[in-house]
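Topology and contacts: notes
Spelled out, the chains give:
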Amino acid sequence: MRKALVLAVATLALAAGSAGAQEKKQLVIVVKGLDNPFFEAINQGCQKWNKENTSSEYECFYTGPASTSDEAGEAQIVQDMLGKPSTAAIAISPSNAKLIAQTLKTANPTVPVMTLDADLAKEDAGLRKTYLGTDNYTMGARIADYIKKAKPNGGKICTIEGNPGADNILRRAQGMRDVLTGKEGLAELKGEGGWTEVAGCPVFTNDDGAKGVQAMTDILAANPDLDAFGIMGGWPLFGAPQPYRDLFKPMADKIAKNEFVIGAADTIGDEVAIAKEGLVTALVGQRPFEMGYKAPSVMLDLIAGKPVDDPVFTGLDECTKDTADTCIQK
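Scope of this entry: the structure provided in the associated data block. (Residues numbered from 1 in each chain as written. Predicted model: local features only at pLDDT ≥ 70, side-chain atom pairs only at ≥ 80, totals over all residues. Heavy atoms only, no water.)

So, about helix α6 (residues 167–181). For α6, which comprises 15 residues, the first-to-last C-alpha distance of 21 Å matches the rise-based estimate of 21 Å (1.5 Å per residue) to within 8%. Here α6 lies mainly inside the structure; eleven of its 15 residues are buried. Where α6 is concerned, the buried positions are Asp167, Asn168, Ile169, Arg172, Ala173, Gly175, Met176, Arg177, Asp178, Leu180 and Thr181. In the stretch just after α6, glycine 182 is the one whose phi turns positive, near 75°. (Helix = DSSP H or I, 4+ residues; strand = E, 2+ residues; numbered from the N terminus. Expected span 1.5 Å × (residues − 1). Buried < 20%, exposed > 50% of the residue type's maximum accessible area, 1.4 Å probe, protein only.)

This brings us to the packing of aromatic side chains. By convention here, two paired aromatic rings are described through the distance between centres and the angle between planes. Using the criterion set out here, one finds seven aromatic pairs in the structure. A ring pair is formed by phenylalanine 229 and phenylalanine 248, whose centres lie 6.2 Å apart and whose planes are at 85°; its orientation type is edge-to-face. Pair noted here: phenylalanine 229 is in strand β9 (residues 228–231) and phenylalanine 248 is in helix α9 (residues 241–248), with a separation of 19 residues, a long-range link. Assigned by exposure class, phenylalanine 229 and phenylalanine 248 land together as buried. An aromatic cluster of at least three residues, connected via ring pairs, comprises Phe229, Tyr244, Phe248 and Phe260. Positioned over the ring face of tyrosine 293 is lysine 48, at 4.8 Å from the centre of the ring. The residue whose ring lies beneath lysine 84 is phenylalanine 61, and the NZ or CZ to ring-centre distance is 5.3 Å. (Phe/Tyr/Trp six-rings, centres within 6.5 Å; stacked < 30°, edge-to-face > 60°. Lys NZ or Arg CZ within 6 Å of the ring centre and 35° of its normal.)

The tally for this structure, following the rule as stated, stands at 21 salt bridges. For arginine 142, the salt bridge identified is with aspartate 145, shortest N-O distance 2.5 Å. A residue pair is termed a helical-turn pair when its members lie 3 or 4 positions apart in one helix, as arginine 142 and aspartate 145 do in helix α5 (residues 136–150) at three residues. Salt bridges here are not isolated pairs; linked through shared partners, they connect Lys98, Lys105, Glu123 and Asp124. (Salt bridge = Lys/Arg side-chain N within 4 Å of Asp/Glu carboxyl O.)

Turning to the packing of helix α2 (residues 37–52) against helix α12 (residues 288–303), a few remarks are in order. Relative to each other, α2 and α12 sit at 50°, their axes nearing to 6 Å. Our classification of the angle between α2 and α12 gives oblique. Note that α2 runs across α12; the crossing there is right-handed. Facing Phe38, Ala41, Ile42, Gln44, Gly45, Cys46, Lys48, Trp49 and Glu52 of α2, the residues of α12 in contact are Pro288, Phe289, Met291, Gly292, Tyr293, Pro296, Ser297 and Leu300. Each residue belonging to the contact of α2 with α12 can be placed in one class, and the counts come to eleven nonpolar, four polar and two charged. (Axes fitted to C-alpha atoms, helices over the stretch in contact; angles between N-to-C directions. Parallel < 35°, antiparallel > 145°, perpendicular 65-115°, else oblique. Left-handed = near helix turned anticlockwise from the far one by under 90°. Contact = heavy atoms within 4.5 Å. Nonpolar A, V, L, I, M, F, W, Y, C, P; charged D, E, K, R; others polar.)

Moving on to the packing of helix α7 (residues 209–222) against α9. Between α7 and α9, the shortest axis-to-axis distance is 10 Å and the interhelical angle comes to 15°. The angle between the axes of α7 and α9 places the two elements in the roughly parallel class. The interaxial crossing formed by α7 with α9 has left-handed handedness. Every residue of α9 that contacts α7 at Val213, Met216, Thr217 and Leu220 is listed here: Pro243, Tyr244, Leu247 and Phe248. Of the residues that constitute the contact of α7 with α9, the class distribution is seven nonpolar, one polar and no charged.

Where burial is concerned, most of strand β10 (residues 261–265) is hidden: five out of the five residues are buried. In terms of strand pairing, β9 meets β10 through four bridges, oriented parallel. Note on β10: the bridge partner recorded for phenylalanine 229 is isoleucine 262. Relative to strand β11 (residues 282–285), β10 runs parallel, the two being bridged by three bridges. Considered in β11, the bridge of alanine 265 is made with valine 284. Note on the crossover from β10 through helix α11 (residues 271–276) to β11: the handedness is right-handed. (Pairing = 2+ DSSP bridges. Right-handed = clockwise from strand over helix to strand, strands pointing away.)

In structure tokens form, the structure reads like this:
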């Protein structure tokens, strides 16, 4: 009888502990898709915050649609999270900025909303409190600096982008075009600054690495005089590293001599190894782990009504073949 009583008390204590854990208020991070290693790095930052704050009444909760191409799925998750009483604040990486803006307008949230990694369009910025992540325009500009240094007289280029509605990618592409040409706001390059975007570009890959490599294969076949790729996200390199290597190994000498130039975003997965192998001219990388680690603290400041800068930038890492061993922030 005594043994049964002790067991019952222990069971009740365990249940109470579990209930207490479940009752934690959630600092929600919604990313574009769970199939992308970039966002997994954000998750790792989120989980580090949880490990360091086990006694907090809040927990970092990471979620998103299975695929980065599921824009409607992300919007539905945002709507669902905003409807949960446990949601104390939310950080969103909008796959489709306009769709997420409309979702927020419809939901009319009472909890603090911020964006992470990707922002809303400028006209919708009032729907969120702040943006935490990369200075995407500067990122595209730095990619352009490397391309322009290698090809100062310009040439034919193809831009590889992600989702057509992703504000962060559009800002990178604009930064690249502005710096290549010295002119602001061009939607495509038609000889300005010596640069021309070839037919069929930009290519929108929906963050699909294999699709990106196939697109580059097709563009090269159709344009044997192509001089450069500007890749606004690292999807072909980290999402399909071996097909990428297979495509560009025959061009390694041309890349080494700056006869062909590839400027690409991100420094995750196999990307730095690919740079070390000389199969990309330069990488300009983000700091996704830092984004995921900082986001809960920023959300807590917003909940407390503390002043928060807008935007909050997380910096860039830049890698070439010569700097590949030391280029990533530790």
